[in-house]
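Each chain, written out:
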Amino acid sequence: MMSDDFQKRVEESIRNPRNMGEMTDADAVGTVGNPGCGDMVRMWLKYKVENGQKVIDKASFQSFGCETAIAAASLATELIRGKTPEEAANMSGSELAADLGPLPPTKIHCTQLIEEALRSALITKKPEVVPGAETSAPASLIDSLDNETSKDSSLKLVFLDSDEQKR
Ligand code: FES
């Protein structure tokens, strides 16, 4: 069954998730939440210049989300390395999580959450991280959201409209 295959790929991907955790030297960060399921994803990006072009050097994520969102974020953070911000911004959730195969309808929003977190990071500036102060960094995504939304108005928590028609 397709959904069994899908579930297997998700499980494989989350067994050894790539790029999970805060990136303290990131150039950009984006956070999104889905009010429908209550899941949240934050993505960090670091850029470099390659052949005179700005490209994504590395990406990382933190997720309070379902397994599909974690698997998709893990795959996406690998996939976007070396891409320009424009190329990355044009990728849909299902492209970012292409390795998961066809998505069951109930899981499409999970990869859209990753797409939105990436887009949010692409348009958001450097996170407020004081070099050398990583130890005082908020312990969890929820804590840091509370902190940052109150003191940093540049951080926007974008809630996705689950009925939103994509493409
Ligand atoms: Fe909400 Fe997967 S169930 S992101």
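Computed from a predicted structure; not experimentally measured. (Residues numbered from 1 in each chain as written. Predicted model: local features only at pLDDT ≥ 70, side-chain atom pairs only at ≥ 80, totals over all residues. Heavy atoms only, no water.)

A. Examining the overall build of the protein more closely. The secondary structure content of the protein amounts to six helices and four strands. Mapped in sequence order, the helices and strands of the protein form the string α-β-β-β-α-α-α-α-α-β. Expressed as a percentage of its 167 residues, the buried residues of the protein come to 43%. Across the protein, contacts joining residues at least 24 apart in sequence account for 66% of those joining residues at least 6 apart. When the accessible surface of the protein is split by element, carbon and sulfur atoms take 49% of a total near 9,000 Å². (Helix = DSSP H or I, 4+ residues; strand = E, 2+ residues; numbered from the N terminus. Buried < 20%, exposed > 50% of the residue type's maximum accessible area, 1.4 Å probe, protein only. Contact = heavy atoms within 4.5 Å. Areas by Shrake-Rupley, 256 points an atom, 1.4 Å probe, with all protein chains shown as cover.)

B. Here's a closer look at the nonpolar core. Grouped together as the largest cluster of nonpolar side chains are 33 residues, with contacts concentrated most on L45, I56, I80, L100, I114, L118 and L122. Among the secondary structure elements, those contributing two or more residues to this core are α1 (2–15), β1 (28–34), β2 (39–50), β3 (53–64), α2 (67–79) and α5 (108–123). Residues in contact with L118, not counting those within four places in the same chain, are M43, L45, I80, A88 and L96. (Core = buried A, V, L, I, M, F, W, Y, C linked by side-chain atoms within 4.5 Å.)

C. Just unusual backbone geometry, in detail. Its identity is not glycine, yet N19 carries a phi of approximately 60°, on the positive side. Within the secondary structure, N19 is located in the loop between α1 and β1. Since its relative accessible area comes to 23%, N19 is described here as partly exposed. Even without glycine at this site, N51 takes up a positive phi of about 50°. Using a relative accessible area of 81% as the deciding quantity, one classes N51 as exposed.

D. Molecular detail of the environment of D25. Among the structural elements, D25 can be located in the loop between α1 and β1. Owing to a relative accessible area of 36%, D25 belongs among the partly exposed residues under this scheme. Considering only alpha carbons, one finds D25 and L45, 20 residues apart in sequence, at a separation of 9.0 Å. Not counting the four nearest positions on each side in its chain, D25 is found in contact with K46 and K58.

E. Region of interest: the pairing of β1. Taken across its seven residues, β1 has seven buried, putting it largely inside the fold. Alternating residues of β1 divide into A28, G30, V32 and N34 and V29, T31 and G33, and every residue in both groups is buried. Relative to β2, β1 runs antiparallel, the two sharing seven bridges. When the bridges of β2 are listed, V32 appears paired with V41. Counting the residues that bridge the hairpin from β1 to β2 gives four residues, and of these G38 lies at a positive phi of roughly 80°. (Pairing = 2+ DSSP bridges.)

F. Region of the structure containing the pairing of β3. Sheet topology places β2 next to β3; 11 bridges connect them, and they run antiparallel. Within β3, the residue paired with W44 across the bridge is S60. What sits between the antiparallel neighbours β2 and β3 is a turn of two residues, in which N51 has the positive phi angle 50°.

G. Molecular detail of the packing of aromatic side chains. The final tally for this structure, using the stated rule, is zero aromatic pairs. Here the basic side chain of K54 rests over the ring of Y47, its NZ or CZ set 4.1 Å away from the ring centre. (Phe/Tyr/Trp six-rings, centres within 6.5 Å; stacked < 30°, edge-to-face > 60°. Lys NZ or Arg CZ within 6 Å of the ring centre and 35° of its normal.)

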